[in-house]
Amino acid sequence: MLLLRIPYYVTKMAVRMVCSSVLRTGTDLGVSNTRTIATTAFLCRRSAPLGRMPNEDIDYRNLESLEKYRSYTRYLKKAEEAKNSPAWWKTYRQYQQQTDPEYVFTSVRDAGPGVEKVNIGLPCCRPAKGREIKERRRLVKENRSSMELERAMRLRTFKIPLDRVHSCWEEMSGPFHIQRLAHHYGIFKDLFPMAYFIPRVTLRVSYGQDNTAQVYYGNQLTPTEAAVAPQVCFEAEEGTLWTLLLTSPDEHLLDSEGEYVHWLVGNISGGAVTTGEELYQYLAPIPAKGTGFHRFVYILFKQEGPINFHEDIQQSPCGSLSERSFKTEEFYRKHQDLITPAGLSFFQCQWDQSVTNTFHNTLNMKEPVFQFEHPPVYHPPQVKYPHRQPLRYLDRYRDGKEHTYGIY
């Protein structure tokens, strides 16, 4: 917000007009003008002075004396500092936001306009920037002094191992890329309304005995490949506790906003999932026929300590879909003081023949089948003189199915 200084003579004229109006009003009402002026001056003196206004220290008469930004990065840094600096006036967002800003987690129904999403994940534990720069300079110095590296670069035989590149990606920019992918697929919107998290812990999920079918971030797997519980690996310190969740926000047959939980394991010690307490037995994906691709999301929570999940345990085998109705938002609300989202991976899946077997043998119910009606092909209104159109332009507007291949 930019405010301009009002010239002195304009202020002086405004004060004269106010004083003249006060004198005239006092004369008309029969009140002493001296008392009116004294009272007005006393009230003006008692009013609290306003705080510092934006751009108050800028001399608009001498713009050449202002500091010049030598780069866009320097300008962006100054703009961020000015944006985050506290102000004594209310911003537009504060007027529009009716909810309490200290409230950690809210839903779309309770949130007012202008409410930003809340980060409910683990905090960033990056080392100091100076230490990173020092380490980078040391590596550059070592690489420049290496004769073998110089010879390999000159002969174009230098190769970078992909495993090392992937590990560097996971440590640096990988969590932010995964967050963007999850936002693109609507994971946060459906599972954590008005909230998100950055997956700081890399979650590796692989199906099959030889780990042929791996879960990444939106890749496609078949229900046959995901019929048995997978192998889950993640790096964790000894003594730490974790919770693993597999849910699908697209499968529910009765509630459009509901979910079906496919797997839930709590109190996992370290990185061994087999040591955890299985709350929901693993259920293979059941995307109904005719409903397209469904999302299946793995979420890893880090626990602050042991949790008593006696209210969440379902007796195995849990073969009823009504018992598997689930809401990730409600689960997190119940245990939000003891769990924090830390890892994320998801895949897509559509119907195949194994889904029928799962409905009949595991769930003991009839399989729902949906049929999609394709809308008619849309053609824009016909133009009398089509420009830059193919020779068979009129075929799309003919009543019959026979096409002509002449020049129109």
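Chemist: Mind showing me how you'd approach the pairing of strand E10 (residues 294-303) here?
Modeler: The buried fraction of E10 amounts to nine of the 10 residues, a majority that puts the element mostly inside the structure. The sheet contact formed by strand E7 (residues 241-248) and E10 spans seven bridges and is antiparallel. What sits directly across from Thr247, in E10, is Val297. As paired elements, E10 and strand E12 (residues 339-349) share 10 bridges and run antiparallel to each other.

Chemist: Where do I start with the side chain of Thr356 in this structure?
Modeler: Looking at where Thr356 falls in the secondary structure, it is placed in helix H11 (residues 353-362). The exposure class assigned to Thr356 is buried, which follows from its relative accessible area of 11%. Among the polar contacts listed, one links the side chain of Thr356 to the side chain of Glu367, at a separation of 2.8 Å.

Chemist: Which parts of the structure should I look at to understand unusual backbone geometry?
Modeler: Peptide bonds are trans in most cases, and residues, glycine excluded, mostly fall at negative phi. The peptide bond linking Ser316 to Pro317 adopts the cis configuration, its omega dihedral lying at 0 degrees. In this structure, Arg388 is a non-glycine residue whose phi angle is positive, near 60 degrees. In this fold, Arg388 is placed in the segment after H11. Arg388 gets classed as exposed once you look at its relative accessible area, which sits at 74%.

Chemist: When you look at the nonpolar core in this model, what are you seeing that I'm missing?
Modeler: Within soluble globular proteins, side chains that are nonpolar generally end up buried alongside one another. Formed by 26 residues in total, the largest nonpolar core has its most connected members in Phe192, Leu264, Ile299, Phe301 and Leu344. Sorting the residues of this core by element identifies helix H8 (174-184), helix H9 (187-191), strand E8 (259-269), strand E9 (277-280), E10, helix H10 (328-335) and E12 as the ones contributing at least two each. Discounting residues that sit within four places of it in the chain, Leu344 has contacts with Ile178, Ala182, Ile187, Phe188, Phe197, Pro199, Val201, Leu203, Tyr217, Val297, Tyr298 and Ile299.

Chemist: Teacher, can you tell me more about the packing of aromatic side chains here?
Modeler: Summed over the entire model, instances satisfying the criterion amount to 14 aromatic pairs. Seen from their ring centres, Tyr69 and Tyr75 are 5.4 Å apart, and the 75 degrees between their planes marks the pair as edge-to-face. Classification of Tyr69 as partly exposed rests on a relative accessible area of 45%. When its relative accessible area of 40% is taken as the criterion, Tyr75 is described as partly exposed. Taking 5.9 Å as the distance between ring centres and 85 degrees as the angle between the ring planes, the aromatic pair formed by Phe192 and Tyr332 counts as edge-to-face. One end of the pair, Phe192, is in the loop between H9 and strand E2 (195-196); the other, Tyr332, is in helix H10, and 140 residues separate them in sequence.

Chemist: Mind showing me how you'd approach the confidence of the model for the protein chain here?
Modeler: Low-confidence regions, as indicated by low pLDDT, have predicted coordinates that should not be scrutinised in detail. This prediction gives the protein chain a mean pLDDT of 82; 79% of its residues lie at or above 70. When pLDDT is averaged over each element of the protein chain, E10 comes out on top at 97 and helix H1 (residues 8-29) at the bottom at 50. Every residue in residues 1-11 is under pLDDT 50, and counting partners more than four places away or in other chains gives 10 contacts.

Chemist: Which parts of the structure should I look at to understand a positive patch on the surface?
Modeler: A cluster of basic side chains, namely Arg70, Arg74, Lys77, Lys78, Lys129 and Arg136, defines a positive patch on the protein surface. At the level of secondary structure, the elements contributing two or more residues to the positive patch comprise helix H3 (72-84) and helix H5 (129-145). In terms of residue count, the dominant contributor to the positive patch is H3 (three residues). Here Lys129 shows up in helix H5.

Chemist: Can you help me understand the sheet that holds strand E6 (residues 231-233) in this one?
Modeler: Backbone-to-backbone hydrogen bonds pair the strands of a sheet. The strands run either parallel or antiparallel. The strand order across the open sheet formed by three strands is E4-E3-E6, and the pairing between neighbours is antiparallel. The sheet terminates laterally at strand E4 (213-215) and E6, the two strands that pair on one side only. On average, adjacent strands in this sheet sit at an angle of 20 degrees to one another, irrespective of strand direction. Across three bridges, strand E3 (residues 204-207) lies against E4 in antiparallel orientation. Residue Tyr207 lies in a different strand from E4, and its bridge partner there is Ala213.

Chemist: Looking at this structure, how should I read the pairing of E8?
Modeler: As a general feature of sheets, a regular strand has side chains that alternate between the two faces. Among the 11 residues that make up E8, 10 are buried, leaving the element largely enclosed by the rest of the structure. Strand direction decides the pairing type here: E7 and E8, joined by seven bridges, are antiparallel. Note on E8: the bridge partner recorded for Leu241 is Ser269. Alignment of E8 against strand E11 (residues 325-326), held across two bridges, turns out to be antiparallel. When the sheet's bridge partners are listed, Glu259 is paired in E11 with Phe326.

Chemist: Whenever I open this one, a nonpolar patch on the surface confuses me. Can you help?
Modeler: Nonpolar side chains collect at one region of the surface, where Tyr69, Tyr72, Tyr75 and Leu76 lie side by side and expose about 450 Å² of accessible area between them. By secondary structure assignment, the location of Tyr75 is in helix H3.

Chemist: In this structure, what is going on with the side chain of Thr240? I would like to understand it.
Modeler: Position of Thr240 relative to the elements: it lies in the loop between E6 and E7. For Thr240, a relative accessible area of 16% translates into the label buried. Engagement of the side chain of Thr240 in a polar contact is seen with the side chain of Trp242, the distance being 2.9 Å. Not counting the four nearest positions on each side in its chain, Thr240 is found in contact with Ile268, Ser269 and Gly270.

Chemist: Explain helix H6 (residues 147-154) to me, please; I cannot follow it from the model alone.
Modeler: Note: α-helices contain 3.6 residues per turn, so residues at a spacing of three or four share the same orientation. Here H6 starts with a cap whose side-chain oxygen sits 3.3 Å from the backbone nitrogen of Leu149, and that cap is Ser146. In the stretch just after H6, Arg156 is the one whose phi turns positive, near 60 degrees.

Chemist: Looking at this model, I keep getting lost on the pattern of salt bridges. Mind explaining?
Modeler: Under the criterion given, the structure shown has nine salt bridges. Taking the shortest distance from any N to any O, the salt bridge between Arg333 and Glu329 comes out at 3.4 Å. Residue Arg333 and its partner Glu329 are both found in helix H10; the two are separated by four residues, about one turn of the helix. What emerges from the salt-bridge pattern is a single network uniting Lys189, Asp190, Asp250 and Arg295.

Calculation criteria
- Residues numbered from 1 in each chain as written.
- Predicted model: local features only at pLDDT ≥ 70, side-chain atom pairs only at ≥ 80, totals over all residues.
- Heavy atoms only, no water.
- Buried < 20%, exposed > 50% of the residue type's maximum accessible area, 1.4 Å probe, protein only.
- Helix = DSSP H or I, 4+ residues; strand = E, 2+ residues; numbered from the N terminus.
- Pairing = 2+ DSSP bridges.
- Polar contact = N/O pair within 3.5 Å; in protein donor to acceptor, adjacent residues only side chain to side chain.
- Core = buried A, V, L, I, M, F, W, Y, C linked by side-chain atoms within 4.5 Å.
- Contact = heavy atoms within 4.5 Å.
- Phe/Tyr/Trp six-rings, centres within 6.5 Å; stacked < 30°, edge-to-face > 60°.
- pLDDT = per-residue confidence, 0-100.
- Patch = residues over 30% accessible without salt bridge, like charges linked within 9 Å, V, L, I, M, F, W, Y side chains within 5 Å.
- Areas by Shrake-Rupley, 256 points an atom, 1.4 Å probe, with all protein chains shown as cover.
- Salt bridge = Lys/Arg side-chain N within 4 Å of Asp/Glu carboxyl O.
- Lys, Arg positive; Asp, Glu negative; His and termini not counted.
- Charge placed at Lys NZ, Arg CZ, Asp CG, Glu CD.
- Axes fitted to C-alpha atoms, helices over the stretch in contact; angles between N-to-C directions.

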